[in-house]
Structures are given as C-alpha cells and as structure tokens.
Amino acid sequence: MKKYILKRLLQIIPVLLGITFLSFALMHVAGSDAVTEMYANKGAVSQEIIDAKRAELGLDKPFLVQYFSWLGGFLTGNLGTSYVSGKNVFDTFLSKLPATLLLTLLSVVATIIISIPLGIIAAVRHDRVTDYILRFLSFIGNSLPNFFVALLFLQLFAIRLHWLPSISEGVSLKSAILPTMTLAIAMSAKYMRQVRAAVLEELGRNYVEGARARGIRGRIILWKSVLRSALLTILTLLALSIGSLLGGTAIIESIFMWDGVGKLAVDSITMRDYPMIQAYVVWMAAIYVLINLVTDLLYHYLDPRIRLEAGKAS
Amino acid sequence: MGKVLQYQHVDIAYRGNTVIHDVSFSVEDGEILGIVGESGSGKSTLLRAAMGLLGDTGMVTQGDIWYKGKDLPDLSDAKRRTINGPGIGMIFQNAGSSFCPVRTIGSQLYEAMTEHTRITRKAFQATAVDTLGKLGFHDAPDLLARYPFELSGGMQQRIGIAAAVLLHPEIILADEPTSALDVTVQKQVVQELLKIRQLYHTAMLLVTHNIGVVNAMADHVLVLKEGRVVEYGETEQVLRHPNQEYTRRLMDAVPRIRRGMSS
Amino acid sequence: MRKTAEKKTEYGPDSLSGNSDTREVRKIQIQEESVQKTPAVRIQKVRHNNVKKRLILFGALVVLLLILTVFSGYLTPYDPDAQNLAIAKMAPSAAHLMGTDRYGRDMLSRVIAGSRASIFSALLLVAVSTIAGTAIGIFCGWAGGIWDTVLMRISDIFLAFPGLVFALAIAGVLGGGIQNAIFALAAVNWPRYARLARSQTLVQKTKTYMEAARLSGSSTWKLITKHILPNIIGPILVTSMLDIGTMIMELAGLSFLGLGAKPPTAEWGSMMSDARSMITTAPWIVFSPGIAIFLSVMIFNLFGDTLRDWVDPKRRI
C-alpha cells in the first residue's frame, strides 16, 4: 500500500508541473498585454517607459527563465502582487479560499443527501414509475444551465418571497443556502444518474442471484452486499463531481456575490489582473488533482481485492 | 419415497419466445436426476424456473412446478424466500461469482443461515466448521475468514456446494457444477456430491453437458433438445442403450477411454 | 381450488423517454372440476423496444431546431433589432409572446435571432473538439510510443483542470468575444475525445480482422479510415451529441459572465446577463432566453440519450 501511495505521488508531479506551465504560458500570452493595459488609459506613453515597466516586472526575460522564476516563487508561496490591488496575490487568494471551500463542502453534502438515496431507489425500482419520474427530474436538472437556476432561485426566494438574502451578507450559512441549492441541483441531476447506474450494475451481478438462491431478502442483499460493492464506484464518481463543482462555483459566486475565489477569479478577469487569474487556475487544478489522488487511494484501501493483492505483492 | 420436485407440462418463455416446451419430469426423495443436452437446450432455464431466477424477461408461461404441494411459479416473493435455501438449494456453474466479492465467505454463509433460522454466531461457526469438515475441508475456520477471490476455482465451487448443503435442503439444483473446473477437481466435486446424498439423503437435479459426470452420479437421465424432452430413463439404459436417435448421437459424440466409464 | 390471483408487472422505459418492455401477467381462472388438474396458463405480454421510433422523433426535433436556427432571419415575427421605446418592457402578450425588452425590441424575435449564436457556436465547438480530439486519439492509439506518452500526458494536464476553470482563464485572457470563447472551450474539451478515440483505437487494433487487413497489405491510411474509424465512430458520435447540450450551456455561461458574445450580438447568455438588473421589474426579459437554452439543451440531450441507447443498448444509464 505504501508503495502505491508513493507511486501515485510521483505520478502527479509531472501533471502538477504541467498545470503550472500551462497556466503560466497562458498568462504569458497576455503578459505583455498587461503592461499595455496598464498604460492604456493614460494617454500616449513613450516606449521607454513601457519597456522599463516590463523590465521591472521581469517581462522582458526569455519565457523559460520567467517560468522558472515564477515557479520558484510559487513554491515559496509568492505568487506576485495583484495588478489591481497591489496586494500580495497569495494572501488575497488564501483569504477568499475558505468561502469557496465552505460552499463546495455544503454543496457536496447536499448532493450526497439528495443523490445517493434517490439513485438507489431509482436503481432498485428500475423501469417502474418511480424510476421514470426520478430520471425525468434528473434530465430536467441536467438541461438547466446553473446560472439560470441561480437567477430563478434569486427571483423566487430572495426577491419575491424575501425568505433569503439576494446578496450574500458575508460568508454565513443563511447566505449560503441559495448558492448551495443551485450547485446541488446541477450536481445531483448528474450524480443521481451515475449512482443509479452503479447500483444497477451491481444488481445485475451474479452474487445477487446467488443470494436470492439462498433465500435472502432483497433489502438485506441491497444493504449488505450490493451497496458495499457499489460504494467504491460511488465514491470515485463523487470525486469527479467535486471536480466539476470546483469549476462551476465561479458563475454562482458571482451571481450571489459570494466572496470566494470564484468571484475573485471573475472579477480578476474583468480587471485583467493576471497574477490573480494565474493563482486561481493553478490552485483550483492542484486541489482537483489532490482530491482525485485521495479518492484513488481511498478506493485502493477500501477494496479488499486490491488491498490484499497489494499486500501480497509487497 | 415421495416426489420432491415435479415439473408438469412446463413451458418457459423469454420475451415472448418459448424456449421450453411441455417438459414434465419428477425427482424422488434422495434421487439424483441428470439433465443432459447441448448448450442452448434450455437446461439452466429449467433450474432457474424452480428458483424464481428467470429475471424480468423470463416466465413460466404454462405448467406447474410442484414442491411440497405448492406451485412454485405462482408463489409470492416472500414465500419463495422461505423455500429458496432450506427447501431447494442451488449450485451455480461459477460458484465464486455467486458470492459478494467484498465480503468474507463466513459472513455470507452466516447471513444465509440467519435468514432462515435463529442461530448465534458461535453456533453457526460450530456448525459450519463441522459441515465443512465432513465435506473434506481441512482448514475451515481460516476458510470462513477469507474473501471469495482468495480461493482457487475448485475451492470456490466446493464452497458453493457447502453453502447450499449448510441449509439442509431436500433437493439441490446443480447448474453445471463441474464445467468450469479442472478434471481432477471435477472428480472431487462429484465424490463430494455423492457423499452429500449419502449423508443427508438430499435429492439432486444435476444439469450438465458432461456425460461422464452423469454416468458417475445420476440414477436417472433426462435428455433435452431445444427445450423438449427427447428421452428419459435410467442412467444405464439411456447412456448405453438409448432409444432415440438424438441421444445415440449425443452418446456417440463422447470420446471413450478404454478404461471404461466407471466412477 | 380456484386461482384468481392477478398480478400486474409493468415497468417504464430503459432510457429516459419512451417505453421498452412492458409485461403484463394475467392468470386465467382455473376451475378444478376433476381430480386431474389442467396445467396453469400464464400470459406474458411483451411490448417491443421502440428506440428507433424515439430516435426518429427526437431526430426530427433536432432538425426542426436546426432549421429554426438556420432560417432564424426569416422566422422572427418582428425585426429583432427594431427599437420602439414606446412599448419597452411590456409583459408577454398576444402581440409579443415573450414581451419586449428595455428598448422595446420583441423578445421572441431576439430569442430566435439569438439561436444562431448560441446553437451554431456550440455545434462548431463540438465539431472542432471532436475532430481534433479524435484525430489525436487515433494517432496516439495507432502510433503508440513516445508520441502516445507525450500527447496523453498533455491531455492529462488539460483534464486536470476542473470544469470551466481553464476555459474561463483562456477566454478571459483572450479578451472575450464569441470566437475566443469557442476556442477556449474547444481547447479544454478535446482531451476527452482524444482519450476515447485512443482507447477505442487500441481495442480495435488488437482485433483479428485488423491483423488480416494488415497482412493483406493495406496502407496505414486505409486501415485507419476503412477499418478503425467506422468501428469507433459510434461511441464518439454519441459523446458529441451529448456534449452539444453541455456546450450550449457553457457558452451561454461564458457569455453571461461577459466573456463570450458581446452586445449587440444576440446570444442567450449575454441577453440574460444584460437583463439582470430588470429581474424584478421585467423578469421575462431574463427568463425568455433562459427557457430557450433549456429547451434547446433538452432537445439535444433527448436525441443524444436515444442515440446512445441505439448504439449501445446494453447500457442502463
């Protein structure tokens, strides 16, 4: 097992490097624009001043040199200063991260509570009315763009009914309800179907038949055998969902004015604050890679087949 | 000696297509009946019908399967559950996959037992070890703690048999119990099944395409062709002096070793 | 002994919409007059799978939608750009089924006009991702070796970015505009097709017919186009179809954030963003394009789902 952990850790290093490289390359494309952007509204500026500014920001050095110096800074926690606020990018980013993580966590919990029971029910009662209804609902949920749902909720619960705030009053649970609901619906629509498929596949396996031949009740077969087997698949799928969730918070945070890194990213893009955008891109990817890694390790630990095989091998 | 299981004019259809036509036979108390036929003849389907394992697409469209005065296809799921296991047991061709891969053998056997009787974990352990011992397993407690995938194919098959026997059914339905095994293990399994009949007086309905196994075990033989009964009689008679052309061809197709077909 | 039990087992569709097998079990009453019992009879009713019918139905809907998009110029009841401040912000009525926006433009016409940007862009986007991704994937699967490793690592890196994160960044950096948005989403999307094409190619490569074809001396190009491509196109096509809906939503999302289509280009996402401030006073301006997105996505998803059932009926998702 330990060997496997090490192996996986080694595997993600090139990926992480690639992420940083790609993000940096992207920003570099815009890098020169940043300087021109800075002086865009200040009337005619001499080329010397632009060049000087470039040199100051280190934008005149060759690409790879810039990359490695940036990477070095990155690894020591220095991601540069924001073009807009002049503050330390890393600090700003870190200060907004908990809000996004909270939202993500709440949405994941909500999704689990909704999708897993419904997915199981749909699988157990597959091809019957309940299943049909659930799949229909999930289909609708999949076809609604999340910002549309957000606006719908905003209109209904905040503006019409005044039950919940339309603009987040700080990072509070009350303000989190609407964005969480929005995110949870989109996630659940997809995830419920996946849960259903996973359980359905388990239900089709031979051991279910074997258990029935031994006269065991359906409910027991479900809880003790099927779900235990399907749990692994369900967990892996959850990780994938979290990934798309992390990517989707940006729009939702903007709409609800939730002060997290997603909103920060959108604002930064609008204001062309490239260091900030860069930090966002790299960090979100890194977090996603980490989540996948943890899920993979968890999977390997929980599946007795793999655990024992690995044990024997090492 | 009464009839344990009786099929009367049974028709079975999958999605509207009849695959079993007017099949009738019975199994007496303690008898071993072998059902032979080529693949696709419907042998497994016959067994599954008795257990209610035909799935969503299969159905006994005509006829009755009698067990203890009950017509099996008409039983509710709840009643079925009381019969599956302690009344009628089943052994699958691939016994290993008939167990949940992420649970230990012991927990699954225990689950099967507690479903039908009240028994403590300790008592179960004792019974299981005892029965496994009688069946020739050497390290029963260790075996019970293992996961299915940890066992060899032959071991898995024998555990599958043990699981069925543990519930002391009156009849065991065996679906190609030796087909997935090496020849040496096949012999072991055959001997084990015969021993079970000897110890517990269990009847058996043995489905197989292996004539050698049938010869070694069965009292009577039923020959199935495309869902219909072609011949039915005592083993000796059917195998050596078949009445029907089809049966003759089936027997001729079996390679014979000069040693003779003795068990 | 009279048996009058009636048991009905009915179940719904195998995929979302439509019907597969429905079975009705009816038992005929059996009266026992003599000691001899007549065998019980149970009727199994089977309704056949109508995937083909559904495919045609939803395919027709897709075609209708496409026609609407292509001929949107002629199908608008009013000129989508004609302003008339006198009737601005009017609620939906008989004359204006979706009401009017803040400049008095007919919303229905705006929405129909917007279909061009919203749907065509998505189609273009999917086409580009599919073709580029598939080409790369086949190449990797076929050639193997260092190319395979490098390209797959690259696609891994792209796939390491969750959801819209990278697309947002690309679109943002390139400065918005619908072409940049298309590029951004395509750049993030091709790896999926590359992986799929690659794994499918690998599967086909090992099949015996490939050996035979190779031995008969066919050129690499021929092998790929005549043998591999037709066999892998099924799943790839299904993935593309199912992707269209998602892409429509993601494009609209980018436009909503101001990173896609910019006014005055009519596009559903940007329309919704423009109208946000009026959500209390004139909600129809915000929600009409939203409903349009929803319906289009649904039509494409219905078709994609049914296509998947047709191509691979064993799946039960």
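Given the structure is predicted, the values throughout are model-derived calculations rather than measurements.

Participant: Describe in detail the overall build of chain C, supporting the description with residues and values.
Facilitator: When helices and strands are counted, chain C shows 10 helices and 2 strands. When the elements of chain C are put in sequence order from the N terminus, they spell out β-β-α-α-α-α-α-α-α-α-α-α. Residues counted as buried form 44% of the 317 residues belonging to chain C. In chain C, the share of contacts with a sequence separation of at least 24, taken over all contacts with a separation of at least 6, comes to 66%.

Participant: Summarise the overall build of chain A; cite the residues concerned and give the values.
Facilitator: Counting its regular elements, chain A contains 12 helices and 0 strands. For chain A, the residues scored as buried account for 42% of the 314 residues in total. In chain A, the proportion of contacts linking residues at least 24 apart, taken out of those at least 6 apart, comes to 73%.

Participant: Give me unusual backbone geometry: which residues, what numbers.
Facilitator: Phi is positive for aspartate 127 of chain A, close to 65°, though the residue is something other than glycine. Within the fold, aspartate 127 of chain A resides in the loop between helix H4 (89-124) and helix H5 (129-143). You will see that glutamate 226 of chain B, though not glycine, has its phi angle at about 50°, which is positive. Position of glutamate 226 of chain B relative to the elements: it lies in the loop between strand E9 (220-225) and strand E10 (228-234). Looking at glutamate 226 of chain B, the number of C-beta atoms within 10 Å reads 14, which means it is partly exposed.

Participant: Tell me about the domain arrangement of chain A, and name the residues and values.
Facilitator: Many authors give the size of an interface as the accessible area that is lost as the parts come together. Residues and elements named next belong to chain A. Domain boundaries assigned for chain A yield domain 1 (2-75) and domain 2 (94-313). Taken together, the 15 residues of domain 1 in the interface contact 14 residues of domain 2. Looking at the side of domain 1 that touches domain 2 residue by residue, the classes come out as 10 nonpolar, 3 polar and 2 charged.

Participant: Before we move on, could you go through the sheet that holds strand E7 (residues 171-175) of chain B and cite the residues and values that matter?
Facilitator: Residues and elements named next belong to chain B. Strand order across the open sheet formed by 6 strands is E6-E7-E8-E3-E9-E10, with mixed pairing between neighbours. Both outer strands of the open sheet, strand E6 (88-91) and E10, are each paired with one neighbouring strand and no more. Going across the sheet, the axis of each strand differs from the next one's by a mean of 15°, ignoring polarity. Sheet topology note: the E9/E10 ladder contains 6 bridges and is antiparallel. When the sheet's bridge partners are listed, lysine 225 is paired in E10 with arginine 228. Along the sheet, helix H1 (residues 43-51) makes contact with strand E3 (32-37), E6, E7, strand E8 (203-207) and E9, crossing E7 at roughly 145°.

Participant: Kindly report on the packing of helix H4 (residues 121-134) of chain B against helix H6 (residues 153-166) of chain B, identifying the contributing residues and their values.
Facilitator: Residue and element names in this part refer to chain B. Their axes nearest at 10 Å, the elements H4 and H6 cross at an angle of 125°. In terms of their interaxial angle, H4 and H6 are classed as oblique. Both H4 and H6 take part in a crossing whose hand is right-handed. Residues Ala128, Thr131 and Leu132 of H4 form the contact with H6, whose participating residues are Ala162, Val165 and Leu166.

Participant: Describe the interface of chain C and chain B, and please don't skip the residues or the numbers.
Facilitator: Contact residues are listed per partner, giving 10 residues for chain C and 14 residues for chain B. For the side of chain C that touches chain B, the residue count by class is 6 nonpolar, 1 polar and 3 charged.

Participant: Could you give an account of the sheet that holds strand E5 (residues 70-71) of chain B, with specific residues and numbers?
Facilitator: Reading across the sheet, the 4 strands line up as E2-E1-E4-E5 (chain B) and stay open at both edges, with antiparallel pairing between neighbours. Edge strands, defined here as strands with exactly one partner in the open sheet, are strand E2 (17-28) and E5 of chain B.

Participant: So what's going on with the pairing of E6 of chain B? Which residues, and what values?
Facilitator: All names here are of chain B. Burial along E6 is two-sided: the residues Ile88 and Met90 and Gly89 and Ile91 are all buried. Taken together, the 4 bridges between E6 and E7 define a ladder with parallel strand orientation. Residue pairing for E7: methionine 90 is matched across the bridge by leucine 173.

Participant: Run through the interface of chain C and chain A, naming residues and quoting values.
Facilitator: Taken residue by residue, the interface counts 40 residues in chain C and 47 residues in chain A. Elements with a minimum of two residues in the side of chain C that touches chain A: helix H4 (145-159), helix H5 (165-174), helix H8 (220-256) and helix H10 (283-311) of chain C. Sort the elements by how many residues they give to the side of chain C that touches chain A and H10 of chain C lands first, with 8 residues.

Participant: Let's hear about the environment of alanine 211 of chain A: which residues, and what values?
Facilitator: Residues and elements named next belong to chain A. Tracing the backbone shows alanine 211 in helix H8 (residues 206-213). Judged by the 27 C-beta atoms lying within 10 Å of it, alanine 211 falls in the buried class. What alanine 211 contacts, discounting residues up to four positions off in sequence, is Ile216, Ile221 and Ser225.

Participant: Pulling in residues and values, what's your account of the packing of H5 of chain A against helix H7 (residues 173-203) of chain A?
Facilitator: All names here are of chain A. Contact geometry of H5 with H7 gives a least axis separation of 8 Å together with a crossing angle of 135°. Our classification of the angle between H5 and H7 gives oblique. The hand of the H5/H7 crossing is left-handed. Of H7, the residues touching H5 (which contributes Leu134, Ser138, Gly141 and Asn142) are Ile185, Ala186, Ser188, Ala189, Lys190, Met192 and Arg193.

Participant: With reference to specific residues and values, describe the pairing of strand E4 (residues 58-67) of chain B.
Facilitator: Residues and elements named next belong to chain B. Counting buried positions along E4 gives 8 out of 10 residues, so the element sits mostly inside the fold. Where strand E1 (residues 3-14) and E4 come together, 8 bridges link them in antiparallel fashion. Looking across to E4, one finds that tyrosine 14 is bridged to glycine 58. Across 2 bridges, E4 lies against E5 in antiparallel orientation. Counted as the bridge partner of tryptophan 66 is aspartate 71 from E5. In this antiparallel pair of consecutive strands, E4 and E5, the connection spans 2 residues, and lysine 68 shows a positive phi of 50°.

Reading the values: the criteria
- Residues numbered from 1 in each chain as written.
- Chains lettered and ligands numbered in written order.
- Predicted model: local features only at pLDDT ≥ 70, side-chain atom pairs only at ≥ 80, totals over all residues.
- Helix = DSSP H or I, 4+ residues; strand = E, 2+ residues; numbered from the N terminus.
- Buried ≥ 20, exposed ≤ 12 C-beta atoms within 10 Å, placed from the backbone.
- Contact = placed C-beta atoms within 7 Å.
- Domains from an automatic or database assignment.
- Nonpolar A, V, L, I, M, F, W, Y, C, P; charged D, E, K, R; others polar.
- Pairing = 2+ DSSP bridges.
- Axes fitted to C-alpha atoms, helices over the stretch in contact; angles between N-to-C directions.
- Parallel < 35°, antiparallel > 145°, perpendicular 65-115°, else oblique.
- Left-handed = near helix turned anticlockwise from the far one by under 90°.

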